[in-house]
Amino acid sequence: MFKFLSAEPLHDPLAAGPVADTTVKCTTCYMCACRCGIRVHLREGDNGPEVRYIDGNPEHPLNKGVICAKGSSGIMKQISPARLTQPLLRQSGSERGAGEFEPISWERTYDILTERLAKIRATDPKKFALFTGRDQMQALTGLFARQFGTPNYAAHGGFCSVNMAAGMIYTVGGSFWEFGGPDLDRSRLFVMIGTAEDHHSNPMKVAISKFKRDGGRFISINPMRTGYSAIADEWIPIKPGTDGALFMALLHELIRTDQIDHAFLKRFTNAPQLVVLDEGEREGLFAFDPDPEKGPPGDGRHPHNKLVWDKTSGQVLNAYPEGIADGCDPAIEGFYTLADGSRVAPSFQLLRDRVATCTPEWAETITGVKAERIRQLAGEMGHAAFEQAFTLPIPWTDAWGKQHPHTQARPVAFHAMRGLAAHSNGFQTVRALAILMSVLGTIDAPGGFRHKAPYPRHIVPNYRAFNDPGMIQPNTPLNAAPLGFPAHPDELAIHPDGSPIRIDHAFSWEHPLSAHGMMHNVITNAVKGDPYRIDTLMMFMANMAWNSTMNTSAVREMLNRKDDTGEYMIPFIVVCDAFQSETVAFADLVLPDTTYLERHDVMGMLDRPISEFDGPVDSVRVPVVKPLGECKPFQEVLIELAGRLKFPAFTTPEGARKFTGYPDFVVNFQPAPGVGFLMGWRGKDGQSHLKGEPNPKQWEMYEKNNCVFQLHLPETMHYMRNWNREYLDFAKDKSWRQRNDPIQLALYSDTLQFFRLAAQGKSSGRQPPDALRERIATYFDPLPFWYAPLEEAATDLKAYPLNAITQRPMAMYHSWDSQNAWLRQIHSHNYLHVNPVTAQAAGILDGGWCWVESQWGKVRCMIRYSEAVEPGTVWTWNAIGKADGAWQLAPGADEARKGFLLNHLITEELPFKGAKGATTISNSDPITGQAGWYDVRVRIRPADPEEPQASFPQFASMPAAPGVLGKAVQVMAYFAGRKKS
Ligand code: SF4
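Conventions and cut-offs
- Residues numbered from 1 in each chain as written.
- Predicted model: local features only at pLDDT ≥ 70, side-chain atom pairs only at ≥ 80, totals over all residues.
- Heavy atoms only, no water.
- Helix = DSSP H or I, 4+ residues; strand = E, 2+ residues; numbered from the N terminus.
- Buried < 20%, exposed > 50% of the residue type's maximum accessible area, 1.4 Å probe, protein only.
- Contact = heavy atoms within 4.5 Å.
- Pairing = 2+ DSSP bridges.
- Near = heavy atom within 4 Å.
- Salt bridge = Lys/Arg side-chain N within 4 Å of Asp/Glu carboxyl O.
- Expected span 1.5 Å × (residues − 1).
- Axes fitted to C-alpha atoms, helices over the stretch in contact; angles between N-to-C directions.
- Parallel < 35°, antiparallel > 145°, perpendicular 65-115°, else oblique.
- Left-handed = near helix turned anticlockwise from the far one by under 90°.
- Nonpolar A, V, L, I, M, F, W, Y, C, P; charged D, E, K, R; others polar.
- Core = buried A, V, L, I, M, F, W, Y, C linked by side-chain atoms within 4.5 Å.
- Phe/Tyr/Trp six-rings, centres within 6.5 Å; stacked < 30°, edge-to-face > 60°.
- Lys NZ or Arg CZ within 6 Å of the ring centre and 35° of its normal.
- Polar contact = N/O pair within 3.5 Å; in protein donor to acceptor, adjacent residues only side chain to side chain.

K.L.:
Mind laying out the overall build of the protein chain, listing which residues take part and the relevant values?
P.N.:
Within the protein chain, the secondary structure is distributed over 25 helices and 36 strands. Principal-axis analysis of the C-alpha atoms places the extent of the protein chain at approximately 90 × 70 × 70 Å. By the burial criterion, 66% of the 981 residues in the protein chain qualify as buried. Long-range pairs, those at least 24 residues apart, make up 71% of the contacts in the protein chain between residues at least 6 apart in sequence.

And the structure:
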């Protein structure tokens, strides 16, 4: 009898011990970015332990035993036929893309890399570019680039959601994802916008279900209803790229009806700070008192020396600290004149003026959401924030010493992600959302948005990106990290003539605040030689010849393009991946990576921890099975190369290696005394937490404790952490922040105004090239505003009337190795989802083949009617479609023949009028460089019945790489521990 027909459960997660003949090891899942605790059940096979199954770890603080379809499917990742098993070198004489390789040893691999990289480093280090995908060890990869001496480094954030990170961090000091989130335990109204799923995946699912059971109201605003929206109480369809207009109208309504938190705005934001209205070099900046005694200097870039107008005394006071004193009543409205005759107004007055014309009727014409519904929505938000408000009996003391006997709750919570971010107007849209949350008083408040350590950061975070071209010197590390948060034109990564330092043009006048870099520009710019040609491009976990790029077909051609001498425009490409992805075919050298079950990993405070609202959490992975074949963790490869190349941080002055490998590096590397990659069990005896000397047994301590360290902060440090004296002191003491000054919310951004003044020629110092002046002056508005996505200006909207967007399905959300034998039983191909009204108007039947055309390209695919999408939008699942033969799929597999990739329709560049006439510029947000890949406009038409019933475009099938696991039969009949004998 088959077990699955038995009444006896296959596995009881609460059973006392392991099932007979299995052992259980705890580690951390990496089937998505959530990083739940898992238990891996192992059975001894011919070659050591094999994974029998994976379940959630009930002892883990994040998921408390919950596991999702992806997490349990990790078993199929481990035995994927697409696993690479040995280093590969492109066969001499073969063309890139043909996928013809010869296996080589690691020693030869290291020799090739060391020789090539040493030569680049000794001559012109910027000719080495390191770009990574969903790399969650950027503290190491970024350090490697910095030590190498190249500014050309970034992970995939510029392609993913940097607008969400930067828009929120430049406004409230924190963001969604693992940096913060909605406090659904105490909220009454939850508004989710532009979100399908989340980094905080299982915890979010648990929280939403509890929230709903407790009677909370859940509204989803999205062009389509998928993912979490499926269980929303109400779905409000909205046109893509118009969320900013909705937020502006909501602000209009909340301010018009006076549903705003006056006390919060006056004390905790820059709403009362006075902005200079007179023309000139101080125009639009905050008026300030130059006396250094009148407020702490902050980080030097944004001193707390601003002024407010005190209504009680009728005079100007220093915002910090006099304007905060009891008895003062800082004005947030009105116009005033300073003693020197300057005309000023509180920044909130300017915000009020800005939204005055943003009526619900105005927003209706842009968003498609009825004006009446917008008014009701504002009313619901105001009702939750103020009528359903309550207090928690948690006393706290603010940064100015005022004791608050309780903590004020504002039970309206928001959550947003790429739906807002992946548009060229995303930064200002996200700022508008952050300001909406701020006027409701929901920042780090019970029931609202809450930070997770080490957030909140300073506004602007005190991490400057590398910006000194003179410091790119042979055999010399950079004097700053390649990525950071510019606060002023002086901090841009540009040459004296204003041209970009970086290959991706990040931190240049084209995209000044590109905090995560611009991975989507690298290949195009390197091939154009703009601003220069590079020698070696190393990619890790980044499928940039397929779904991690825009304009996929063209990028694939570029990877193969040669110059007049017959040399490839990008002479050497190194790809590190665990699987034979589409990009592997374009590599000159392939480094076979390990899976998350085969290596050590760190999710720590120097990078992307998994903190909870009430305190910091970090975690690790430990190997639970042996690496397959000759696979090596990329971390180990970097440590090895760093030693061979003699990077100062990795070698002694005598040239000896400091670290034996990655685990040793994690324990012993300290960017500052007492600060390391992991915060648990520090100190020689493991008794210190957060800070302390390296502990040689730190890995063991993590292993014994479910691979996770959690610190519960006292209740008095749970809320209002932008201004909470106890928390601010603690955060500084633990080196999460350099200073302990309060973090006033930036409703008005003088940071943006600095750039605008430069563009307007009103400030001394750096100014943008003339061709970029208007662009900067327009988009660097210190107040949020909505503008149409930039692609619209380059598009005939009548010819291409539909928006087209993509998202990942729940079963593959954040699964970068998205081909998985179990999960492809759920999705083996994708459809274009279209509202029946739209599809029928185009004459396309449900299930029929159609053409989707943008002005940049076309794809042929199958259509599926769906009422769950607004009529002006079509959408599909991303990265289900694969190139033939990639991922070791059988020839003609559904993924290649029926699946398709929308990225073929998206351009990575838009037309632009440059100094020398028509040129192009990245199809990205003009502020942050976030890829505008949700901006594409399309039309649809039926495919001719005579045409092949297969998706278009198709590519020549990739052959199996030497050594690729390739045993699909084993997948079908897999059972851990099955002995051959
Ligand atoms: S939510 Fe993500 S990390 Fe958690 S079990 Fe699922 S795949 Fe793994």
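And the narrative resumes.
K.L.:
Residues and numbers for the pairing of strand β33 (residues 873–877), please.
P.N.:
Summarising burial for β33: five of the five residues are buried, a large majority. Taking every second residue as pointing to the same face, both faces of β33 are buried, with T873, W875 and W877 on one and V874 and T876 on the other. As judged from the five bridges shared by strand β29 (residues 802–807) and β33, these two strands associate in the parallel manner. In the strand pairing of β33, Q807 is matched with W877. For strand β30 (residues 832–834) and β33, the ladder comprises two bridges, and the chain directions are antiparallel. Bridging across to β33, H833 finds its partner in W875.

K.L.:
A description of unusual backbone geometry should follow, citing residues and the corresponding values.
P.N.:
With an omega dihedral of 10 degrees, the bond running from A453 to P454 counts as a cis peptide bond. Structurally, P454 is set in the loop between β22 (449–451) and α15 (522–528). Of note, the amide linkage connecting Y455 to P456 takes the cis form, showing an omega dihedral of 10 degrees. Examined against the element boundaries, P456 turns out to sit in the loop between β22 and α15. For K646, which is not glycine, the phi dihedral falls at a positive 60 degrees. Summarising the element assignment, K646 is placed in the loop between α17 (634–644) and α18 (662–668). Notably, W681 is not glycine yet its phi reads approximately 50 degrees, a positive angle.

K.L.:
Let's hear about the site of the ligand: which residues, and what values?
P.N.:
Around the ligand lies a shell formed by C29, M31, C32, C34, R35, C36, I67, C68, K70, G71, S201 and N202. Elements with a contribution of two residues or more to the shell around the ligand: α1 (69–72) and α7 (201–213).

K.L.:
For the pattern of salt bridges, give the residues involved together with the corresponding values.
P.N.:
A full pass over the atoms with the stated rule returns 60 salt bridges. Between E178 and R35 there is a salt bridge, with the nearest N and O atoms lying 3.0 Å from each other. Here R35 lies in the loop between β1 (23–28) and β2 (37–45) and E178 lies in the loop between α6 (162–172) and β8 (180–182), a separation of 143 residues in the sequence. The two residues E178 and R35 agree in class, both being buried.

K.L.:
Provide a residue-level description of helix α8 (residues 243–256), including the pertinent values.
P.N.:
Compared with the 20 Å implied by 1.5 Å per residue over 14 residues, the 20 Å span of α8 between its first and last C-alpha is a close match. Counting buried positions over the 14 residues of α8 gives 13, a clear majority of the element. Remark: D258 follows α8 within two positions and exhibits a positive phi of approximately 55 degrees.

K.L.:
Can you explain the pairing of strand β21 (residues 412–416)? Please cite residues and give values.
P.N.:
With five of five residues buried, β21 lies mostly within the body of the structure. Every second residue of β21 is oriented toward a common face, with V412, F414 and A416 on one face and A413 and H415 on the other, all of them buried. With five bridges joining them, strand β9 (residues 189–193) and β21 adopt parallel strand pairing. The partner of L189 across the bridge, within β21, is V412.

K.L.:
Tell me what's going on with the sheet that holds strand β7 (residues 153–154), and back it up with residues and numbers.
P.N.:
One open sheet accounts for seven strands, arranged β5-β4-β25-β24-β23-β6-β7; its pairing is mixed. Strand pairing shows two members of the sheet lacking a second neighbour, β5 (101–103) and β7, which therefore form its edges. In terms of strand pairing, strand β6 (residues 128–132) meets strand β23 (residues 536–540) through five bridges, oriented parallel. Considered in β23, the bridge of F131 is made with M539. Against the sheet, helix α4 (residues 138–148) touches β6 and β7, its axis set at about 175 degrees to β6. Those strands touched by α17 are β6, β23, β24 (572–577) and β25 (589–592), and its axis lies near 145 degrees from that of β23.

K.L.:
Any details on the packing of α8 against helix α10 (residues 347–355)? Residues and values, ideally.
P.N.:
The N-to-C vectors of α8 and α10 enclose an angle of 115 degrees; their axes lie 9 Å apart at closest approach. Taken together, the axes of α8 and α10 are roughly perpendicular relative to one another. The two elements α8 and α10 meet at a crossing, and its hand is left-handed. For the pair formed by α8 and α10, the contact residues are M248, L251, H252 and I255 on the first element and F348, L351, R352, R354 and V355 on the second. The class makeup of the residues in the contact of α8 with α10 is six nonpolar, one polar and two charged.

K.L.:
Go over the nonpolar core with me, naming the residues and quoting the values.
P.N.:
In terms of nonpolar packing, the biggest core is built from 136 residues, with F634, F650 and F665 touching the most fellow members. Apart from residues no more than four positions distant in its own chain, F665 is found in contact with L140, L143, I639, F650, F659 and F677. Judged by nonpolar contacts, the second largest core, of 110 residues, contains I169, I219, L377 and A421.

K.L.:
Break down the environment of P395 for me, citing the residues and quoting the values.
P.N.:
Counting through the fold element by element, P395 comes out in the loop between β17 (390–392) and β18 (396–397). Overall, P395 belongs to the partly exposed group, its relative accessible area being 43%. Residues P395 and P405, spaced 10 residues apart in sequence, show a C-alpha to C-alpha distance of 4.4 Å. Among residues more than four places away in sequence, those in contact with P395 are H404, P405, H406 and T716.

K.L.:
Describe the packing of aromatic side chains, listing the residues and the values that go with them.
P.N.:
Enumeration according to the criterion identifies 42 aromatic pairs in this entry. Geometrically, the ring pair formed by F730 and W736 is edge-to-face, given 5.6 Å between the ring centres and 80 degrees between the ring planes. Considered together, F730 and W736 belong to a single accessibility category, that of buried residues. Among the aromatic residues, ring-to-ring pairing joins F128, F144, F148, F647, F650, F659, Y662, F665, F669 and F677 into one connected group. One residue, K126, lies across the ring of Y532, its end atom 4.9 Å from the ring centre. Stacked on the ring of F952, the Lys or Arg K858 has its end atom at 6.0 Å from the ring centre.

K.L.:
Lay out the side chain of D781 with the relevant residues and their values.
P.N.:
The residue D781 is located in the loop between α22 (770–779) and β29 in this model. Among the polar contacts listed, one links the side chain of D781 to the side chain of R354, at a separation of 3.0 Å. In contact with D781, not counting residues within four places along its chain, are R354, Q428, L752 and R756.

K.L.:
Before we move on, can you summarise the environment of L713 with the specific residues and values?
P.N.:
The residue L713 is located in the loop between β28 (708–710) and α20 (725–733) in this model. The contact partners of L713, leaving out residues within four places of it in the chain, are D614, G615, P616, H718, Y727 and F730.

K.L.:
How would you explain the sheet that holds strand β16 (residues 343–346) if you had to name every residue and give the values?
P.N.:
Strand pairing in a sheet is mediated by backbone hydrogen bonds. Such pairs are either parallel or antiparallel. The antiparallel open sheet is built from three strands, whose spatial order is β12-β16-β15. Each having just a single partner strand, β12 (274–276) and β15 (336–337) make up the two edges of the open sheet. The pairing of β15 with β16 spans two bridges and is classified as antiparallel. The residue of β16 that forms the bridge with Y336 is V344. Together, β12 and β16 form the strand contacts of α10, whose direction differs from that of β16 by roughly 75 degrees.

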